[in-house]
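Coordinates in review
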Amino acid sequence: MDRAWFRTYVGVFVILLGSYAFFWHSRDWNTSSRLMLTYALVDHGRLSIDGLEDQTGDRAKFRGHYYSDKLPGYPLLATVPCAFVETVLGLPSHPLGGPAMAFWGTDYWVTLATSGVLSAFTAVLLASFARDLGCSRRQAAVVALAYGLATPAYVYATLAYGHQTSAFALLAAFLLLTRRGEGGNVVRIFLSGLLASYAAVVELQVGPVSAVIGFYLIGQCLTRTWKPAAIVYFGLGALVPTLVLLLYNLLAFGNPLDMGYFHHATAQFARVHSKENPLGLRTPAWNLVVPLLWGRYRGLLFYAPIVVLALPGWAVLIGRRRFDVAAVSLLACVAVFVVNLSYPEWTGGWSTGPRLLVPLLPFAMIAVASALTAPGAWGKAFLALAVGLAIAGGVLMLLFQGVGARIPQDVADPLVEVVWPLWTGRTPLPMWWTGDRFTRNLSNLAVGAWLGRLPTAWQWVQFLPLVAFQAVGVAYLFRIDDEPSPGASALKSTCVKPAC
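This report concerns the structure included in the present document.

Conventions adopted
Residues numbered from 1 in each chain as written. Predicted model: local features only at pLDDT ≥ 70, side-chain atom pairs only at ≥ 80, totals over all residues. Heavy atoms only, no water. Phe/Tyr/Trp six-rings, centres within 6.5 Å; stacked < 30°, edge-to-face > 60°. Lys NZ or Arg CZ within 6 Å of the ring centre and 35° of its normal. Axes fitted to C-alpha atoms, helices over the stretch in contact; angles between N-to-C directions. Helix = DSSP H or I, 4+ residues; strand = E, 2+ residues; numbered from the N terminus. Parallel < 35°, antiparallel > 145°, perpendicular 65-115°, else oblique. Left-handed = near helix turned anticlockwise from the far one by under 90°. Contact = heavy atoms within 4.5 Å. Nonpolar A, V, L, I, M, F, W, Y, C, P; charged D, E, K, R; others polar. Salt bridge = Lys/Arg side-chain N within 4 Å of Asp/Glu carboxyl O. Buried < 20%, exposed > 50% of the residue type's maximum accessible area, 1.4 Å probe, protein only. Pairing = 2+ DSSP bridges. Disulfide = S-S within 2.5 Å. Lys, Arg positive; Asp, Glu negative; His and termini not counted. Polar contact = N/O pair within 3.5 Å; in protein donor to acceptor, adjacent residues only side chain to side chain.

1. Describing the packing of aromatic side chains
- Inspection of the entire model under this criterion finds 27 aromatic pairs.
- Following the ring pairs from residue to residue traces out a cluster consisting of Tyr 20, Phe 22, Phe 23, Tyr 154, Trp 423, Phe 438 and Phe 463.
- Directly above the aromatic system of Tyr 297 lies the positively charged group of Arg 298, at a separation of 4.6 Å from the ring centroid.
- Over the ring of Trp 24 we find Arg 440, and its NZ or CZ is 4.9 Å from the ring centre.

Here you go:
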């Protein structure tokens, strides 16, 4: 591997993981539901969360026992870092019984090792994909850092939701199918199928994107890019997570086709999810298209402004006859968007921006990367615009991260009504607010007493070390010589013989 590119990938990963490690958010029902199943598995060797059920309202009840209402993909993955930190750091097992807790030490490490690490890796994959599309190292770094710091991916990289885990799995599955070599193709395709399927075992609602990736492989076989046997290897890989899910359902609910969504113990969610309709989907509400795209409430283009460059990016891909990449990127975005339109709780509840659209962000960023490779003045203009939008998005995400990142869906203008007043200290805390004005982070953990003596209007200085760290990291990345990517590697290669 080219050393300069390797330094770029490592730099992106370190900047992002360091940024994610800075925050330690409190629990909410969604994160607690996944974490309680993780602790039940690691600490008690069982699937039920009995004794932990009061930590979350996102729970199912079946035959007198409580379970997480979530699919098991994330908790199963989280058992590895959970067992590791409890063993190596000597952290205690999660106590049974007692009232709900806002913080628990193991939460931080598990979240960082799953959502944080996988989000940083997703950004590295995007940088690699940008290189394949013809981006220079600086352009690829802009794409990766914008994704990781200037979109809601930043927020959900610091929370134990499944969005970032499924986003990584889907992007990696697609990227594996675009890489063809002289050897290892069987393993590559098998892993692609495994990851595409595992994404849906983390979050069932991304299943349509998994299907898009599967159909992409079928199309590649029809054009003889891959041999037909590739479909078999992909299917075998996809079968593994599917069997894991069916086994979990069998052991927990006595039926491989049963799941936690069928047994909600919280009336609010029981009215939405059912055995007949696990995701609670309805006919798409097309009147929500505009609110989900624009506006300070849940507008994607407000919370992730760089995504606007996906539109010219798709045009560039089509103009270069990269119909396959354009189709997967666009269809993945459309699939996630339509599912959001079809979900009664379309706002995502307490969140930053359109939470349920987060899994589409990596696929939109593929198109953004393509826009930066536009010829002549267009490419330069798109790059300048990308940098400006990334800075704007990064500032916005930091504002939301700083105050806990989860604003109730009843707040019509989260930035103006809640976030900015909390940062400036000009208004008292809202009646529904829990905890301190700013979220727990490395600065206030280290020098909390000193920060507490500052006037409220100046307590935002606790985030200056984070910004300084990011600025130094970005400066390092942009000192790397900016040369065109030689040959635009995999996506521009021509496969003479069908692979695998």
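This is not the end of the story, as more comes after the structure.
2. Section: the packing of helix H5 (residues 137-149) against helix H16 (residues 361-372)
- In the contact formed by H5 and H16, the axes pass within 10 Å of each other and the chain directions differ by 155°. As far as their axial angle goes, H16 and H5 are roughly antiparallel. The interaxial crossing formed by H5 with H16 has right-handed handedness. Contacts between H5 and H16 involve Gln 139, Val 143, Ala 146 and Tyr 147 on the former and, on the latter, Leu 361, Pro 362, Met 365, Ala 369 and Leu 372.
- In terms of residue class, the contact of H5 with H16 is made up of 8 nonpolar, 1 polar and no charged.

3. Quick look at the pattern of salt bridges
- One pass over the structure, following the stated rule, counts 9 salt bridges.
- Ionic pairing is found between Arg 27 and Asp 107, a salt bridge with its closest N-O pair at 2.5 Å. Of this pair, Arg 27 sits in the loop between helix H1 (3-21) and helix H2 (29-44) while Asp 107 sits in helix H4 (residues 105-132), placing them 80 residues apart in sequence.
- For Arg 27, a relative accessible area of 11% translates into the label buried.
- Of the charged contacts, one joins Lys 70 and Asp 58 as a salt bridge, the two residues approaching to 3.0 Å between their closest N and O atoms. In this pair, Lys 70 is assigned in the loop between strand E2 (65-68) and helix H3 (73-88) and Asp 58 in the loop between H2 and strand E1 (59-62), connecting sequence segments 12 residues apart.

4. Notes on the pairing of E1
- Where E1 and E2 come together, 4 bridges link them in antiparallel fashion. The residue bridging Phe 62 from the neighbouring strand is His 65, located in E2.
- Count of turn residues in the E1/E2 antiparallel hairpin: 2 residues, of which Arg 63 carries a positive phi of about 50°.

5. So, the state of the cysteines
- Throughout the structure, instances matching the rule amount to 0 disulfides.
- Cys 333 supplies the cysteine sulfur nearest to Cys 135, a cysteine that is in no disulfide, at a spacing of 17 Å.
- Residue class for Cys 135 comes out buried when judged on its relative accessible area of 0%.
- The class for Cys 333 is buried, based on a relative accessible area of 8%.

6. As for the side chain of Arg 298
- Among the secondary structure elements, Arg 298 is positioned in the loop between helix H12 (289-293) and helix H13 (300-303).
- Here Arg 298 is buried and forms no salt bridge, its nearest opposite-charge partner Asp 410 lying at an N-O distance of 8.3 Å.
- A distance of 2.9 Å separates the side chain of Arg 298 from the backbone oxygen of Gly 349, its partner in a polar contact.
- At a separation of 3.5 Å, a polar atom in the side chain of Arg 298 contacts the main-chain carbonyl oxygen of Gly 353.

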